[in-house]
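Structural description and commentary
Below, each chain spelled out in residue letters.
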Amino acid sequence: MSDQAPPFRWAILGTGGVARKFVLDLRILGEQVRVVTVASRGVENAERFAADLGVADVAPDYATAVAADVDAVYIATPPALHEDHALMAIAAGKAVLIEKPLALDGAAARRIADAAQAANVF
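Residues numbered from 1 in each chain as written. Predicted model: local features only at pLDDT ≥ 70, side-chain atom pairs only at ≥ 80, totals over all residues. Heavy atoms only, no water.

Focus: the packing of aromatic side chains
- Under the defined criterion, the tally for this structure stands at three aromatic pairs.
- Ring geometry for Trp 10 and Phe 22: centres 5.1 Å apart, planes at 80°, overall edge-to-face. With Trp 10 in strand β1 (residues 8-13) and Phe 22 in helix α1 (residues 17-26), this pair connects stretches of sequence that are 12 residues apart. Each member of the pair, Trp 10 as well as Phe 22, is classed as buried.
- Between Phe 22 and Tyr 74, the ring centres sit 3.9 Å apart and the planes meet at 5°, which makes this aromatic pair stacked. Linking Phe 22 in helix α1 with Tyr 74 in strand β4 (residues 72-75), this pair joins segments that are 52 residues apart in sequence. Both residues of the pair, Phe 22 and Tyr 74, count as buried.
- Ring pairing ties together the aromatic residues Phe 8, Trp 10, Phe 22 and Tyr 74, which thus form one cluster. (Phe/Tyr/Trp six-rings, centres within 6.5 Å; stacked < 30°, edge-to-face > 60°. Helix = DSSP H or I, 4+ residues; strand = E, 2+ residues; numbered from the N terminus. Buried < 20%, exposed > 50% of the residue type's maximum accessible area, 1.4 Å probe, protein only.)

Written as structure tokens, this is what we have:
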């Protein structure tokens, strides 16, 4: 039996430059992490991102990516979508890491934080 923990699995929402850098930086951790799926506004963008970075699955939409068998969701969509995507991931019981800005205003940030606390996720 192996003493090695299974890899920490990520879903990526958004395929811009910062998401690309995040996935490349995860490679430093080797087998400890795995990017499982990616979703974008356009599936073509997600397919290109996945092919370039070796992501195995392309989700047809954000909800499918969030519902995947992942431990956390990296949110790199436009800032106006951060709150909705964070709340969707939190409702699915997933931890979230949100590219800056966290939210459009303090009230949205508080709603995200409150939802995460209530769901007991990071």
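On we go from here.
Things to note about the pattern of salt bridges
- According to the stated counting rule, one finds five salt bridges in the structure shown.
- We note a salt bridge from Arg 9 to Asp 71, for which the minimum N-O separation is 2.8 Å. In this pair, Arg 9 is assigned in strand β1 and Asp 71 in the loop between α3 (62-67) and β4, connecting sequence segments 62 residues apart.
- Via salt bridges that share partners, Arg 9, Asp 69 and Asp 71 belong to a single interconnected network. (Salt bridge = Lys/Arg side-chain N within 4 Å of Asp/Glu carboxyl O.)

Remarks on the environment of Ala 107
- Assignment of secondary structure puts Ala 107 in helix α5 (residues 106-119).
- Along the backbone, Ala 107 and Ala 92 are 15 residues apart, and their C-alpha atoms lie at a distance of 21 Å.

As for the sheet that holds strand β2 (residues 33-39)
- With respect to topology, five strands assemble into an open sheet ordered β3-β2-β1-β4-β5, the strand pairing being parallel. Looking at which strands have only one partner, the edges of the open sheet turn out to be β3 (57-58) and β5 (95-98).
- The pairing of β1 with β4 spans four bridges and is classified as parallel. Across the sheet, residue Leu 13 finds its bridge partner in β4, namely Ile 75.
- In the packing of helix α4 (residues 79-91) onto the sheet, contacts are made with β1, β4 and β5, and the angle to β5 comes to roughly 160°. (Pairing = 2+ DSSP bridges. Contact = heavy atoms within 4.5 Å. Axes fitted to C-alpha atoms, helices over the stretch in contact; angles between N-to-C directions.)

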